[in-house]
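Report on the structure
As a plain string of letters, each chain reads:
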Amino acid sequence: MKAQFNISPTPASRPRVTRWTTYYGKKYTKFKEEMAAITEVIKLENLMQGNIYAEICFNVQIPKSWSKKKKEAKNGAYCDNNADIDNYCKAILDSLNGIYYEDDRQIVMLKATMFWAIEPSIECNFTELKNKQRLSPTPPMSPFIETDQEYYKRVAQLNGAI
């Protein structure tokens, strides 16, 4: 199930605790409110059940203060800002609770990427896993991907069997 949200990705912040109340930062609160407004119209008859594999791509907006040359160079490149990718994931996955799945604890595997972009957005792809299905933990972009046969051959060569 694919979805794209034209909203600026925002990392989840830690809750602030005072003597009388607990609250979140302004940016994260605004993000949650905007996501609630966007997802209000999405009504799935059957929420995803069981384990879920989630692929999320965060297109983080390039700062307006950057020069035109730097913007052109960074557009489409991996995002190297100071925010942790797991905080971006937490923000979007919490926002989609009850929309695509019952609870984000159903997500057992996650692939997340962050890119610089002129137009900010979040692209999600959720796949319901079969009970016994196991996907390879190796990232698909890894230059080290090899088949089982290649791996066993290389190990045999290292051990002097070949």
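One structure accompanies this document, and this report is about it. What you are looking at is a predicted structure, and each value in this text was computed from that prediction instead of being measured. (Residues numbered from 1 in each chain as written. Predicted model: local features only at pLDDT ≥ 70, side-chain atom pairs only at ≥ 80, totals over all residues. Heavy atoms only, no water.)

Some details on the overall build of the protein
- When its secondary structure is counted, the protein shows 4 helices and 6 strands.
- Put simply, the protein runs from its N terminus to its C terminus through helices and strands in the order β-β-β-α-β-α-α-β-β-α.
- A total of 162 residues make up the protein; the buried ones form 30% of that total.
- Within the protein, residue pairs in contact and separated by at least 24 positions form 81% of the contacts whose partners lie at least 6 positions apart.
- When the accessible surface of the protein is summed, it comes to about 11700 Å², and 51% of that surface belongs to carbon and sulfur atoms. (Helix = DSSP H or I, 4+ residues; strand = E, 2+ residues; numbered from the N terminus. Buried < 20%, exposed > 50% of the residue type's maximum accessible area, 1.4 Å probe, protein only. Contact = heavy atoms within 4.5 Å. Areas by Shrake-Rupley, 256 points an atom, 1.4 Å probe, with all protein chains shown as cover.)

Remarks on the sheet that holds strand β4 (residues 52-61)
- What the 4 strands build is an open sheet, ordered β1-β6-β4-β5; its pairing is mixed. Two strands close off the open sheet at either side, each with one partner strand: β1 (2-5) and β5 (107-117). Sheet twist, expressed as the average angle between the axes of neighbouring strands with direction ignored, equals 15°.
- As judged from the 10 bridges shared by β4 and β5, these two strands associate in the parallel manner. Paired with I56 across the two strands is A112, which belongs to β5.
- Sitting on the sheet, helix α3 (residues 85-95) touches β1, β4, β5 and β6 (121-128), and the angle it makes with β5 is about 110°. (Pairing = 2+ DSSP bridges. Axes fitted to C-alpha atoms, helices over the stretch in contact; angles between N-to-C directions.)

What about the environment of C57?
- With respect to the element layout, C57 can be found in strand β4.
- For C57, a relative accessible area of 14% puts it in the buried group.
- Each C-alpha atom, one on C57 and one on N125, is 8.9 Å from the other, the two residues being 68 residues apart in sequence.
- Among all residues touching C57, those that are not within four sequence positions of it are T113, F115, S121, I122 and E123.

Remarks on the packing of aromatic side chains
- In total, this model carries 6 aromatic pairs according to the counting rule given.
- Taken together, a centroid distance of 4.9 Å and an interplanar angle of 65° make the contact between W66 and W116 edge-to-face. Taken together, the positions of W66 in the loop between β4 and α2 (68-74) and W116 in strand β5 put the pair 50 residues apart, joining distant regions of the chain. Summarising the burial analysis for this pair, W66 and W116 share the class buried.
- Each ring, one from Y78 and one from F115, has its centre 5.1 Å from the other, and the planes form 25°; the classification is stacked. With Y78 in the loop between α2 and α3 and F115 in strand β5, the pair connects residues that are 37 residues apart, well separated along the chain. (Phe/Tyr/Trp six-rings, centres within 6.5 Å; stacked < 30°, edge-to-face > 60°.)

Quick word on the layout of surface pockets
- Considering only enclosed or pocket space, the largest pocket measures out at about 350 Å³ in volume.
- Contributing to the lining of the largest pocket are 15 residues, with S8, P9, T10, P11 and K27 lying nearest its centre.
- When residues of the lining of the largest pocket are assigned to their parent elements, the largest contribution, 5 residues, is made by helix α1 (residues 26-39).
- Residue composition of the lining of the largest pocket, grouped by class: 8 nonpolar, 4 polar and 3 charged. (1 Å grid on protein atoms, 1.4 Å probe; cavity = no way out; pocket = protein on both sides within 12 Å on 5 of 7 lines; lining within 4 Å. Points joined across faces, edges and corners; volume = space filled by probe spheres on them. Nonpolar A, V, L, I, M, F, W, Y, C, P; charged D, E, K, R; others polar.)

Some thoughts on the packing of α1 against α3
- α3 packs onto α1 with a crossing angle of 35° between their chain directions and a minimal axis gap of 10 Å. Regarding α1 and α3, the two cross each other, and that crossing is right-handed. Where α1 abuts α3, its residues Y28, F31 and M35 lie against A91, I92, D94 and S95. (Left-handed = near helix turned anticlockwise from the far one by under 90°.)

A look at α3
- For α3, every residue scored as buried is listed here: Y88, C89, A91, I92, L93 and S95.
- Where α3 is buried, its residues meet β1, α1, β4, β5 and β6.

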